[in-house]
Amino acid sequence: MTRAMKIAIVDDEQDMRQSISQWLALSGFDTVAYPSAEEALKAIQADFAGVVVSDIKMPGMDGMAFLKRLMSMDSSLPVIMITGHGDVPMAVEAMRLGAYDFLEKPFNPDRMIELAKRATQLRRLTLDNRALRRELSDGTVLMKKLIGSSPVMERLREDILDLGQADGHVLIDGETGTGKTLVAHALHAVGPRAGKKFVSISCAAYAEDELATRLFGPTEEGMGLPHVEEARGGTLCLEDIEALSQGMQARLLTFINDQGTPAETRIVAICNEHAQGKTVEDALRPDLYYRLAALKITLPPLRTRGEDILTLFTRLTEQFAEEYGCEAPELTAQEAAQLLQAPWPGNVRQLVNVAERAVLQNRRGSGSITSLLMPEDDTQAPAMTTEGKPLKEYVEAFERMLIDNTMRRHKGSIVGVMEELCLPRRTLNEKMAKYGLTRADYV
């Protein structure tokens with residue numbers, strides 16, 4: 001989701017504050033102005049979602065002192081300094097202290113706008129990366145991302161919480177797109193190593209020599225910290241473990257054996273579905289396989305998760321609709337059945353793509369879920385699973401989705417849901433109890 005950026009303008013001269021605000025506002029920026037550094041510091045915090053434009057010469061706390069305070073609070077905050085004629089050496093010193101750039105009066109408004117655009121883009125990227133790092137270190141947040149009430153998902157969450165506390169290495173397997181990397185992060189985040197490093201590398205992304213260098217270190221000094229050292233005491237995540245050569249498998253096994261028990265560094269190995277029907281057990285030497293698979297998690301394919309498909313689709317379309325500034329599409333009973341019956345070879349990753357395209361189609365006022373589920377040869381009917389289900393299951397899944405969506409829209413208002421779905425209170429209560437829905441989840 002696009003993060004809204006502000007530009008804080010700090011200048012003791014009212015005319016200058018107003019001029020800068022007007023120039024930036026005409027270019028679509030959201031501005032807020034302060035007459036002094038002291039006033040600005042009351043509002044600007046470490047994660048301020050925006051950029052600061054400040055004069056250098058101000059009574060009270062001047063721009064240099066203001067810059068030092070901002071940098072001590074958040075060294076990644078872009079600060080554009082405005083300097084008068086003859087103060088360029090001071091502006092250069094400001095750059096050394098961490099200022100993003102400076103403008104010398106009188107300055108070209110186009111130059112100000114150009115700097116503001118680049119600075120806000122940088123700030124957005126910084127904050128998004130910061131939020132992602134926090135998210136990937138927060139077990140509670142990660143567990144909430146594992147959406148679904150199907151038995152296989154309930155079991156998966158329990159397994160993550162149990163295995164997260166264990167010391168043994170873990171092997172995660174499952175079809176592509178099922179969320180194996182997310183589960184690896186969750187295992188780290190809910191366990192005692194959560195405060196340590198989580199280091200990840202794909203074993204299929206590099207030639208053998210480069211992979212060996214990145215994992216175990218170069219033969220020459222000064223070429224960076226190898227991954228096994230960087231992850232020491234934390235978690236080393238090896239994606240595409242089945243791609244390891246026999247030689248690399250032997251080196252990895254030696255590293256594991258040298259660690260002893262319990263291991264100082266935990267290894268989480270991720271295996272993707274192997275070609276020609278082979279498994280990770282076929283791809284790895286037995287002694288390495290049994291060390292890595294001391295604890296094992298197999299992620300369920302999406303097609304086995306029942307009404308989780310509808311729950312995920314609804315959440316995803318709501319998120320994309322908010323991002324694109326439009327309404328989320330409303331599913332018909334037929335479309336819901338098609339989603340439930342689709343084979344989903346790309347699993348959750350494929351569902352994300354279909355949800356985004358459904359929102360974009362809905363924004364244009366054209367298209368259908370049926371067309372999005374069509375195989376590449378669009379003369380064929382949408383592919384369906386071979387596992388037939390009773391009509392009753394499809395009806396119940398669709399009914400639950402309708403009640404869930406309506407409760408969310410009305411923020412838990414029972415009266416609003418009763419009126420929209422034309423249901424008496426007793427019937428609504430019975431259906432909510434049947435489907436495990438509680439009003440408290442929507443308020």
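Residues numbered from 1 in each chain as written. Predicted model: local features only at pLDDT ≥ 70, side-chain atom pairs only at ≥ 80, totals over all residues. Heavy atoms only, no water.

Q: Teacher, can you tell me more about the overall build of the chain here?
A: For the chain, the helix and strand inventory stands at 20 helices and 10 strands. Per-residue burial for the chain yields a buried fraction of 45% across its 443 residues. A fraction of 71% describes how many contacts in the chain between residues 6 or more apart in sequence connect residues 24 or more apart. As displayed, the chain has an accessible area near 22,500 Å², and 51% of this comes from carbon and sulfur atoms. (Helix = DSSP H or I, 4+ residues; strand = E, 2+ residues; numbered from the N terminus. Buried < 20%, exposed > 50% of the residue type's maximum accessible area, 1.4 Å probe, protein only. Contact = heavy atoms within 4.5 Å. Areas by Shrake-Rupley, 256 points an atom, 1.4 Å probe, with all protein chains shown as cover.)

Q: Would you mind showing me how to read the packing of helix α9 (residues 208-216) against helix α11 (residues 246-259) here?
A: The packing of two helices is summarised by the inter-axis angle and the distance between the axes. Where α9 meets α11, the axes come as close as 11 Å, and the angle between the chain directions of the two elements is 10 degrees. As judged from the angle between their axes, α9 and α11 are roughly parallel. Counting all contacts with α9, which are made through E208, L211, A212, L215 and F216, the residues of α11 involved are G247, M248, R251, L252 and F255. For the contact of α9 with α11, the residue count by class is seven nonpolar, one polar and two charged. (Axes fitted to C-alpha atoms, helices over the stretch in contact; angles between N-to-C directions. Parallel < 35°, antiparallel > 145°, perpendicular 65-115°, else oblique. Nonpolar A, V, L, I, M, F, W, Y, C, P; charged D, E, K, R; others polar.)

Q: I'm lost on the sheet that holds strand β2 (residues 30-34) in this one. Help?
A: Hydrogen bonds between backbone groups are what pair the strands of a sheet, and the pairing can be parallel or antiparallel. Strand order in this open sheet of five strands is β2-β1-β3-β4-β5, and the pairing throughout is parallel. Of all the strands in the sheet, the pair left with one neighbour each is β2 and β5 (101-104). Neighbour to neighbour, the strand axes of the sheet diverge by 20 degrees on average, direction disregarded. Pairing analysis gives five bridges linking strand β1 (residues 6-10) to β2, with the strands arranged parallel. Considered in β2, the bridge of I9 is made with A33. On the sheet, helix α1 (residues 14-26) packs against β1, β2 and β4 (79-83) and is oriented at approximately 175 degrees with respect to β2. Helix α4 (residues 88-97) contacts β4 and β5 of the sheet and is inclined by roughly 165 degrees relative to β5. (Pairing = 2+ DSSP bridges.)

Q: In this structure, what is going on with helix α8 (residues 180-189)? I would like to understand it.
A: Because an α-helix completes one turn every 3.6 residues, residues spaced three or four positions apart along the sequence face the same direction. Most of α8 sits out of view: eight of its 10 residues are buried. For α8, the set of buried residues is K180, V183, A184, H185, A186, L187, H188 and A189.

Q: Any chance you could explain the nonpolar core here in plain terms?
A: Nonpolar side chains in soluble globular proteins tend to end up buried together. By size, the foremost hydrophobic cluster in this structure holds 28 residues, and its most contacted members are L238, I241 and L252. Elements supplying a minimum of two residues to this core: β7 (198-202), α9, β8 (235-239), α11, β9 (266-272) and α13 (286-292). Broken down by element, the residue count for this core peaks at five residues, all from α11. The contacts of L252, once residues within four sequence positions are left out, are F216, L238, I241, L244, I267 and L288. Within the second largest apolar cluster, 27 residues are counted, among which are F313, A336, A342 and A397. (Core = buried A, V, L, I, M, F, W, Y, C linked by side-chain atoms within 4.5 Å.)

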